[in-house]
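Analysis of the macromolecular model
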Amino acid sequence: LEAARQGLQTLQERLRALEADNRKQELELKSADQERQEKMARAYGGTIADTRELGALERKIEELNRRRDKLETAILGLLDEIESTREQVTKQERVVAQGQAIHDKIVGDYQEARGKLEGEVKQLAEQRTQLTGRIDPAMLQEYETLRGDRKSTRLNSSHTDISRMP
């Protein structure tokens, strides 16, 4: 589940970076278009009489056209990549949601089983308390001593072969 969440976070970060790059490219395109429009209006507006200045403006317009074409191509590539990444994010979100649902079910089952077992332990402890009231206190003390010795023996020998324990 953690790996799926980390994968989702990585994809979301990549998507944000792609979208930011796309916005930047679109702003550059808008700026280039605006500059191109200004140069075209100046070049073909009839205010320039010098042919060298007109030639320089036409070269600048051509440069801006090439820049615009490159930006449009880059934006189209980014849009394809953004769409693909969004699909991956959606898939990963489903994986995380499924993993979370499984996790929640396991936790719920565990808590339910734990509740049942704690209830049984409480019931057995009450039953033991009732039964110990009927037993001679000296005999009960001896039992508890032997029981404690058996636990420590079992714990000390547990590093060898557990299958031999009763």
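Relative to the 63 Å expected for 43 residues at 1.5 Å per residue, helix α1 (residues 2–44) spans 62 Å between its end C-alpha atoms, a close match to the ideal helical length. Residues Ala4, Leu8, Leu11, Leu15, Leu18, Asn22, Gln25, Leu29, Ala32, Arg36 and Ala43 constitute the buried set of α1. Packing partners of the buried residues in α1 comprise α2 (51–132). Gly46 sits one or two positions beyond α1 and adopts a positive phi of about 85 degrees.

Moving on, we get to the environment of Glu58. With respect to the element layout, Glu58 can be found in helix α2. A relative accessible area of 33% means that Glu58 is categorised as partly exposed. Glu58 sits 18 residues away from Met40 along the chain, and the two C-alpha atoms are 7.9 Å apart. A distance of 3.3 Å separates a polar atom in the side chain of Glu58 from a polar atom in the side chain of Tyr44.

The tally for this structure, following the rule as stated, stands at 14 salt bridges. The closest approach of N and O atoms between Glu144 and Arg147, which form a salt bridge, is 3.6 Å. Remark: Arg147 and Glu144 occur in helix α3 (residues 137–157); sequence separation between them is three residues, near one turn of the helix. What makes Glu144 partly exposed here is its relative accessible area of 29%. Through salt bridges that share partners, Asp33, Arg68 and Glu72 make up one connected network.

To continue, consider the side chain of Thr85. Tracing the sequence through the fold places Thr85 in helix α2. By relative accessible area, Thr85 is classed as buried at 1%. Beyond its immediate sequence surroundings of up to four residues, Thr85 is in contact with Leu11, Arg14, Leu15 and Leu18.

Counting nine residues, the largest nonpolar core consists of Ala4, Leu8, Leu11, Leu15, Leu18, Leu78, Ile82, Val89 and Val96. Elements with a contribution of two residues or more to this core: α1 and α2. By residue number, the principal contributor to this core is α1, which donates five residues. Other than its neighbours up to four places away in sequence, Val89 contacts Leu8, Leu11, Gln12 and Leu15.

Our next topic: α2. With 82 residues, α2 extends 116 Å from end C-alpha to end C-alpha; this agrees with the ideal 122 Å at 1.5 Å per step. Two or three places before Arg52, at the opening of α2, Asp50 has a side-chain oxygen 3.3 Å from that residue's backbone nitrogen.

What follows is about the environment of Glu35. Its location among the elements puts Glu35 in helix α1. The partly exposed category is assigned to Glu35, whose relative accessible area is 24%. A C-alpha to C-alpha distance of 9.6 Å links Glu35 and Lys60, two positions 25 residues apart in sequence. Other than its neighbours up to four places away in sequence, Glu35 contacts Lys60, Leu64 and Arg67.

Each value, and the rule that gives it
- Residues numbered from 1 in each chain as written.
- Predicted model: local features only at pLDDT ≥ 70, side-chain atom pairs only at ≥ 80, totals over all residues.
- Heavy atoms only, no water.
- Helix = DSSP H or I, 4+ residues; strand = E, 2+ residues; numbered from the N terminus.
- Expected span 1.5 Å × (residues − 1).
- Buried < 20%, exposed > 50% of the residue type's maximum accessible area, 1.4 Å probe, protein only.
- Contact = heavy atoms within 4.5 Å.
- Polar contact = N/O pair within 3.5 Å; in protein donor to acceptor, adjacent residues only side chain to side chain.
- Salt bridge = Lys/Arg side-chain N within 4 Å of Asp/Glu carboxyl O.
- Core = buried A, V, L, I, M, F, W, Y, C linked by side-chain atoms within 4.5 Å.

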